[in-house]
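Here are the chains, one letter per residue:
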Amino acid sequence: MNWLAEIPRVAEMIWVKLESDPTPLKDGIILKMICGSFYLPKESESRSVLGEDAHFICAEKNTIGVVDGVGGWAKYGVDAREYARKLMENSVMAVRNQHRKSGDVDVDPIRVLHEAYANTKNIDGTSTACIVTLGDEGKTLHAVNVGDSGFMIFRENKYVYISPIRQSYFNCPLQLGKGSDDSPQSATEIKVRVLRPGDVIVLATDGLLDNVSPGEIEKLLEENNTINGSVEPEMLARIIVERLALRNSEDARRLTPFAIAAHKAGVDHIGGKMDDITVIVGQILAP
C-alpha cells in the first residue's frame, strides 16, 4: 500500500527553478546540508521564559523545521510553546520513521507535517510551521509551510528566493492546532531546483522575517564568508539574530518588512516588531 497516496496534498504548490551550475556535478555526487541555529526569546513577564518558538535540525536526513506558537493562548492559561515544542518533537520522529514506513530515500515534508500534526492533537495550542528538506540527491529543496515562517536562499552572497507567507488577514497567519480551521492541507508546498554547493538557506520564524530584508542578510554574508565561500552556520545564525533581527525589532523608526506590510494593509505601524526570533542557517556542500 502506498501510504503517501492516502495523504491529502496541499492548498498551493510552487515550483521554482534556479540557474543551473555552469560546472555540473559528477554523477553520483549527493549534496548535503550542514546547519546551525540560534534562538532568542522575546523578554516578557507574561510569557514563558523559553518563549513560544521551537525548531529542529535532523542532520542525518538533511531536514530542518521551525514553528511559532501563537501567544494568544496565554489568556487561557496555556503555555503556547508546549504545542510548538511537541509539534517539532513529533516532526523529528516522523522524519526518522519515514524510510521505515515507506521505503523512500527522500524525506517528504508534507507527510512529516501530516504525521506530526496528527500526533499533536491532544495538546492545547496552535502554531505556524515550516519544514525544509533536501531531495533528488540534494539538488532540490522541498518545503512545506503553514503561516508566516519561511526561508530564503542565497547564492554567492546574493538573495535568489524567498518563500511566500500565508495569512488569513494582516498579522493573522494560518496556524495548526486546536480551534483552528487550518490543517496541513492548508499548506504551501515548495520545490526549488537547482541547488549548488555553497548555496545558503536561512529558515526562520517571523521574528526574523518581519524585521529583516534579504538585502541586509546579503551584506552580512559578504562580511562573514571565508575565502572559499563557506560559512559557519551556527555563528552566522547568531549574528543574523543579534545584529539584524533584534536590533531592527527594537528600532521604532525603521522601515521593516512588517512596517511595509502594515502600510499596505492600511494599518498604522512604523518600526520593528518585538517577537521571539529563531534562525536556522544551512549551507549546501558537496562531499
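The structure under discussion appears in the preceding block.
Along every chain, residues carry numbers that run from 1 in the direction the sequence is written. Where local features are concerned, this predicted model is filtered to residues with pLDDT of at least 70; where side-chain atom pairs are given and counted, the filter is 80 or more; whole-chain, interface and lining totals use all residues. The side-chain figures draw on all heavy atoms in the structure; neither hydrogens nor water molecules are used.

**A word on the environment of N122**
Part 1 of the reasoning: A run of H or I in DSSP becomes a helix once it reaches four residues, and a run of E becomes a strand once it reaches two; helices and strands are each numbered from the N terminus. Among the secondary structure elements, N122 is positioned in the loop between α2 (109-118) and β5 (126-127).
Part 2 of the reasoning: Exposure is judged per residue with a 1.4 Å probe applied to protein chains only, and the accessible area is read against the type maximum: over 50% gives exposed, under 20% gives buried, and values in between give partly exposed. A residue is classified by how much of its surface remains accessible, and N122, at 61% relative accessible area, is exposed.
Part 3 of the reasoning: Each C-alpha atom of the pair N122 and M274 lies 30 Å from the other, and the pair is 152 residues apart in sequence.

**Focus on unusual backbone geometry**
Part 1 of the reasoning: Omega for the bond connecting R193 with V194 falls within 30 degrees of zero, at 15 degrees, which places this linkage in the cis form.
Part 2 of the reasoning: Backbone geometry places N157, a non-glycine residue, at a positive phi of 70 degrees.
Part 3 of the reasoning: Structurally, N157 can be placed in the loop between β8 (150-155) and β9 (158-162).

**Some details on the pattern of salt bridges**
Part 1 of the reasoning: Criterion for a salt bridge: a side-chain nitrogen of Lys or Arg within 4 Å of a carboxyl oxygen of Asp or Glu. Applying the stated rule across the entire model yields 16 salt bridges.
Part 2 of the reasoning: A salt bridge links R193 to D136; its shortest N-O distance comes to 2.2 Å. Residue R193 is located in strand β13 (residues 188-193), and its partner D136 is located in the loop between β6 (129-135) and β7 (140-146); the two are separated by 57 residues in the primary sequence.
Part 3 of the reasoning: Linking K139 and E137 is a salt bridge whose minimum nitrogen-to-oxygen distance equals 3.2 Å.
Part 4 of the reasoning: The network of salt bridges with shared partners includes E82, R85, K86 and E89.

**So, the sheet that holds β9**
Part 1 of the reasoning: Two strands pair if DSSP finds at least two bridges between them. Here five strands make up an open sheet; going across it, the order is β2-β15-β14-β8-β9 and the pairing antiparallel. If you trace the sheet from one side to the other, it starts and ends with β2 (32-40) and β9, each paired once. Across the sheet, the mean angle from the axis of one strand to that of its neighbour is 20 degrees, orientation sign disregarded.
Part 2 of the reasoning: The pairing of β2 with strand β15 (residues 277-285) spans nine bridges and is classified as antiparallel. Note on β15: the bridge partner recorded for Y39 is T278.
Part 3 of the reasoning: The contact definition used throughout considers only heavy atoms, calling two residues in contact when any of these lie within 4.5 Å. Fitted lines through C-alpha atoms serve as axes, helices being fitted only where they are in contact, and the angles separating the N-to-C directions of these axes extend from 0 to 180 degrees. Each of β8, β9 and β14 (200-204) touches helix α4 (residues 214-224); the most contacted strand, β8, lies at about 45 degrees to it.
Part 4 of the reasoning: Packing of helix α5 (residues 233-249) onto the sheet brings it into contact with β2, β14 and β15, and relative to β2 it is tilted by some 40 degrees.

**Let's talk about the packing of α4 against α5**
Part 1 of the reasoning: The contact between α4 and α5 brings their axes to 11 Å, and the two run at 140 degrees. By the angle class used here, α4 and α5 are oblique. Of the two possible hands of crossing, α4 and α5 adopt the one that is right-handed. Touching E216, I217, L220, L221, E223 and N224 of α4 are M235, L236, I239, I240, R243, L244, R247 and N248, all from α5. Throughout, the term roughly parallel applies to angles under 35 degrees, roughly antiparallel to angles over 145, roughly perpendicular to angles from 65 to 115, and oblique to all others. Each helix crossing is assigned a hand: it is left-handed if the near helix lies turned anticlockwise from the far helix by less than a right angle, otherwise right-handed if that turn is clockwise.

**Quick look at the packing of aromatic side chains**
Part 1 of the reasoning: Pairing of aromatic rings covers Phe, Tyr and Trp, the last counted by its six-membered ring, and requires centre-to-centre distances within 6.5 Å; plane angles under 30 degrees mean stacked, over 60 mean edge-to-face, and any other angle means tilted. Enumeration according to the criterion identifies four aromatic pairs in this entry.
Part 2 of the reasoning: With a centroid separation of 6.1 Å and an interplanar angle of 65 degrees, the aromatic rings of W73 and Y76 are classed as edge-to-face.
Part 3 of the reasoning: Overall, W73 belongs to the buried group, its relative accessible area being 17%.
Part 4 of the reasoning: Classification of Y76 as exposed rests on a relative accessible area of 60%.
Part 5 of the reasoning: An angle of 55 degrees between the planes, with centres 6.5 Å apart, marks the rings of F154 and Y159 as tilted.

**Side note on the nonpolar core**
As a rule of thumb, soluble globular proteins bury nonpolar side chains together.
Part 1 of the reasoning: Within the largest apolar cluster, 25 residues are counted, with the highest numbers of intra-cluster contacts made by F56, V67, L87, L113 and L176.
Part 2 of the reasoning: For this core, the secondary structure elements donating two or more residues are β3 (53-58), α1 (80-102), α2, β6 and β7.
Part 3 of the reasoning: L87 has contacts with V67, A116, Y117, T120, S127, A129 and L176, leaving out every residue within four places of it along the chain. Take the buried residues of types Ala, Val, Leu, Ile, Met, Phe, Trp, Tyr and Cys, join any two whose side-chain atoms come within 4.5 Å, and each joined set is a nonpolar core.

Read these as geometric descriptors, not functional statements.
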